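Single-letter residue listing:
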Amino acid sequence: KLLSKVVLAEGDLDSELLGLNAATAQQLTEQVDIVIHSAASIGLEADVQSTLHCNYLGTQRLLQLAARMTRLRCFLHVSTAYVNMNVDKGTTVDEVLYPLKVGKQLSCYSDIVDDLMSTEPEVANVRAQMYMDMWGFPNTYTMGKNLTEKLVAAAHRGGLPTAIVRPSLVCGLAGSPYPGYCGNLAGPVGMGVAMAVGLFDKLESVAMVPTHVWDAVPGDVVSSVILAAAAATAAGVAINEYAEEVPDSAG
């Protein structure tokens, strides 16, 4: 009975207009009231243009589609708990968008993306490393997710009802319907298997230091938070100060 309500619409975040045909796009704009955007490239060390093409530009395309949805009540973006890994060690990371700065000057997220996407891939990777070194991001994934959150916040300030959820490492289920179930070996599940068979055997590895924290969260907990956040946003519950002003352009 539940599956009878599911309609599959094939698309592609990397394609213009999300790879949707005209009929499907029209159906979505007329019928959808809640968008949960959880698709992403999760390669930590991917080339910066590959990361931004999927995670930033893909989100931008979906936001543009959402802006045309006549019944839209919530656009929920699934980000990551590690989006602010560039803050100082030991800092309490609040539910805010921390600005990126060069000295005292605020940096424009869209100008950064334009800079990285407008050059040859090899040059873009060098520039991306410069940005990561300057701001303290460990990889292109976290920097790309940080820039994408600022894109979503700009859409929120423009009137789109948005919410952001930041899960940490998503692992198997804690409860219903099958406690312990995991569908693949991605993320902490694969790390757990590797640890169990003894592959984390270096003194500096996470498995060898008792004080290290493995920040994992069960998949069903994440899905519950996503649904609750979407419902709250759809009901008009808003904490707009979290969408802190971030410059949209250098001017």
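Anything mentioned here points back to the structure above.
An account of the accompanying structure is given in this report. (Residues numbered from 1 in each chain as written. Predicted model: local features only at pLDDT ≥ 70, side-chain atom pairs only at ≥ 80, totals over all residues. Heavy atoms only, no water.)

Let's talk about the layout of surface pockets
Then, number 1: By volume, the largest pocket is sized at about 1,200 Å³.
Then, number 2: Elements supplying a minimum of two residues to the lining of the largest pocket: helix H5 (140–157), strand E6 (169–171), helix H6 (188–196) and helix H7 (219–234).
Then, number 3: Top contributing element to the lining of the largest pocket by residue count: H7, with four residues.
Then, number 4: Of the residues contributing to the lining of the largest pocket, the split by class is 24 nonpolar, 13 polar and two charged. (1 Å grid on protein atoms, 1.4 Å probe; cavity = no way out; pocket = protein on both sides within 12 Å on 5 of 7 lines; lining within 4 Å. Points joined across faces, edges and corners; volume = space filled by probe spheres on them. Helix = DSSP H or I, 4+ residues; strand = E, 2+ residues; numbered from the N terminus. Nonpolar A, V, L, I, M, F, W, Y, C, P; charged D, E, K, R; others polar.)

Thoughts on the pattern of salt bridges
Then, number 1: This model, assessed by the stated rule, comprises three salt bridges.
Then, number 2: For Asp115, the salt bridge goes to Arg127, with nearest N and O atoms at 2.6 Å. Of this pair, Asp115 sits in helix H3 (residues 109–117) while Arg127 sits in helix H4 (residues 121–135), and the two are twelve residues apart along the sequence.
Then, number 3: Using a relative accessible area of 31% as the deciding quantity, one classes Arg127 as partly exposed.
Then, number 4: Between Arg166 and Glu149 there is a salt bridge whose closest N-O contact spans 2.7 Å. Highlighted residues: Arg166 in the loop between strand E5 (162–165) and E6 and Glu149 in helix H5, separated in sequence by 17 residues. (Salt bridge = Lys/Arg side-chain N within 4 Å of Asp/Glu carboxyl O. Buried < 20%, exposed > 50% of the residue type's maximum accessible area, 1.4 Å probe, protein only.)

Thoughts on the sheet that holds strand E1 (residues 34–37)
Then, number 1: Here we have three strands laid out as an open sheet, ordered E1-E2-E5, and parallel in their pairing. Among the strands making up the open sheet, the edge pair consists of E1 and E5. The average angle at which neighbouring strand axes cross in this sheet is 15 degrees, direction not considered.
Then, number 2: The strands that helix H2 (residues 48–67) touches are E1 and strand E2 (74–78); relative to E2, the one it contacts most, it runs at about 170 degrees. (Pairing = 2+ DSSP bridges. Axes fitted to C-alpha atoms, helices over the stretch in contact; angles between N-to-C directions. Contact = heavy atoms within 4.5 Å.)

Re a nonpolar patch on the surface
Then, number 1: A contiguous nonpolar patch, built from Leu185, Val193, Val197 and Leu199 and spanning about 420 Å² of accessible area, is present on the exposed surface.
Then, number 2: The residue Val197 is located in the loop between H6 and strand E7 (216–218) in this model. (Patch = residues over 30% accessible without salt bridge, like charges linked within 9 Å, V, L, I, M, F, W, Y side chains within 5 Å. Areas by Shrake-Rupley, 256 points an atom, 1.4 Å probe, with all protein chains shown as cover.)

Digging into the side chain of Asn139
Then, number 1: Looking at the secondary structure, you find Asn139 in the loop between H4 and H5.
Then, number 2: Classification of Asn139 by relative accessible area gives buried; the value is 7%.
Then, number 3: Looking at Asn139, its side chain comes within polar contact range of the main-chain nitrogen of Tyr141, at 3.3 Å.
Then, number 4: The residues touching Asn139, leaving out its near neighbours within four places in the chain, are Leu44, Glu45 and Met132. (Polar contact = N/O pair within 3.5 Å; in protein donor to acceptor, adjacent residues only side chain to side chain.)

That is the geometry; function is a separate question.
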